[in-house]
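# Tertiary structure, described
One-letter residues, chain by chain:
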Amino acid sequence: MKKSTFAILCLEGAVLSFNVAAAAALIPSIAKDFVLSQFLIGRIVWIYMLTYGLAAFIYGPLVRKFDARRVELACIFLFSLANLMAGLSRSINTLFLGRFFMGLFGASVIPLGLILIAKHISKENRGKIHRNVFWLYLCSFTFRLILERNYSLAMGILNSCYIRIYSMVGYVFLSSQF
């Protein structure tokens, strides 16, 4: 596996890790923007997490029929669009729908990343690569906690969306290198 491919897998995981709980800290701001209760807005967390947890099971069987690289590319593209949809939503229903699709397509990152690593890394080196990937995910989670205190709702969601778009563009250009 090329270093650039590994870097993209790590970036995807970092962006996903950043996204997983970022909304929880932003619930008061979102509730204020939509003039709704924080309790109702809190559902954006469980909509995402429930969908994410259930969708993680579909990607293993899916790559038996389709190329893992292509499935991952499609999922990260659709995840980017779902994030944009949630970030630009003008109604609570659109936000809920965006978070649903974010969970559906975001669930692909870890299983497909592990499948791609297993396909391209020798058995002797897989443990080291997995350790490095999850260590970078942990670093991004920590970085997210620091940034959450400093970004407004709009900037946090839009910056996260831009990172996904750049990641997806890089993925397109490097996808032939798997």
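Refer to the structure presented above.
Given the structure is predicted, the values throughout are model-derived calculations rather than measurements.

## Things to note about the overall build of the chain
Regarding its fold elements, the chain presents nine helices and zero strands. N-terminal to C-terminal, the α/β element order of the chain is α-α-α-α-α-α-α-α-α. Across the 178 residues in the chain, those meeting the buried criterion constitute 42%. Long-range contacts, defined here as pairs at least 24 residues apart, represent 79% of the contacts in the chain between residues at least 6 apart. A total accessible area of about 9700 Å² is found for the chain, and carbon and sulfur atoms account for 69% of it.

## With respect to the pattern of salt bridges
Under the definition given, this model contains one salt bridge. Among the ionic pairs, Asp-67 bridges to Arg-69, the shortest N-O distance being 3.5 Å. The exposure class assigned to Asp-67 is partly exposed, which follows from its relative accessible area of 33%.

## Quick word on the nonpolar core
Soluble globular proteins tend to pack their nonpolar side chains together in the buried interior. Membership of the largest hydrophobic core comes to 36 residues, with the highest contact counts inside it found for Ile-41, Ile-44, Tyr-59 and Phe-79. Secondary structure elements with two or more residues in this core: α1 (3-34), α3 (43-55), α4 (59-65), α5 (68-87), α6 (92-106), α7 (109-120) and α8 (123-148). Per-element tally for this core: the top contributor is α1, with eight residues.

## Digging into the packing of α5 against α7
With their axes 10 Å apart at the nearest point, α5 and α7 run at an angle of 155° to one another. In terms of orientation, α5 and α7 fall into the roughly antiparallel class. As α5 runs across α7, the sense of the crossing is left-handed. For the pair α5 and α7, contact is made by Ala-68, Arg-69, Val-71, Glu-72 and Ile-76 and by Val-109, Leu-112, Ile-115, Leu-116 and Lys-119, respectively. For the contact of α5 with α7, a count of residues per class yields seven nonpolar, no polar and three charged.

## Things to note about a nonpolar patch on the surface
A contiguous nonpolar surface patch, about 400 Å² in accessible area, is contributed by Phe-77, Leu-78, Leu-81, Leu-84 and Leu-88. Turning to its location among the elements, Leu-78 is positioned in helix α5.

## Some words on the side chain of Ser-89
When you line up the elements, Ser-89 lands in the loop between α5 and α6. Here Ala-86 takes part through its backbone oxygen, which lies 2.9 Å from a polar atom of the side chain of Ser-89. Leaving out residues up to four positions away in the same chain, Ser-89 has contacts with Phe-34, Thr-94 and Leu-95.

## Structural notes on the packing of α3 against α6
Remark: α3 packs on α6, axes separated minimally by 7 Å, with the N-to-C direction vectors making an angle of 30°. For the element pair α3 / α6, the angle class is roughly parallel. The way α3 lies across α6 gives a crossing that is right-handed. Residues Arg-43, Ile-44, Val-45, Ile-47, Tyr-48, Thr-51, Tyr-52 and Ala-55 of α3 form the contact with α6, whose own contacting residues are Leu-95, Phe-96, Arg-99, Phe-100, Met-102, Gly-103, Leu-104 and Gly-106. Considered class by class, the residues forming the contact of α3 with α6 number eleven nonpolar, three polar and two charged.

## Comments concerning unusual backbone geometry
Phi at Val-35 is positive, roughly 55°, even though this residue is not glycine. Looking at the secondary structure, you find Val-35 in the loop between α1 and α2 (38-41).

Cut-off values and rules
- Residues numbered from 1 in each chain as written.
- Predicted model: local features only at pLDDT ≥ 70, side-chain atom pairs only at ≥ 80, totals over all residues.
- Heavy atoms only, no water.
- Helix = DSSP H or I, 4+ residues; strand = E, 2+ residues; numbered from the N terminus.
- Buried < 20%, exposed > 50% of the residue type's maximum accessible area, 1.4 Å probe, protein only.
- Contact = heavy atoms within 4.5 Å.
- Areas by Shrake-Rupley, 256 points an atom, 1.4 Å probe, with all protein chains shown as cover.
- Salt bridge = Lys/Arg side-chain N within 4 Å of Asp/Glu carboxyl O.
- Core = buried A, V, L, I, M, F, W, Y, C linked by side-chain atoms within 4.5 Å.
- Axes fitted to C-alpha atoms, helices over the stretch in contact; angles between N-to-C directions.
- Parallel < 35°, antiparallel > 145°, perpendicular 65-115°, else oblique.
- Left-handed = near helix turned anticlockwise from the far one by under 90°.
- Nonpolar A, V, L, I, M, F, W, Y, C, P; charged D, E, K, R; others polar.
- Patch = residues over 30% accessible without salt bridge, like charges linked within 9 Å, V, L, I, M, F, W, Y side chains within 5 Å.
- Polar contact = N/O pair within 3.5 Å; in protein donor to acceptor, adjacent residues only side chain to side chain.

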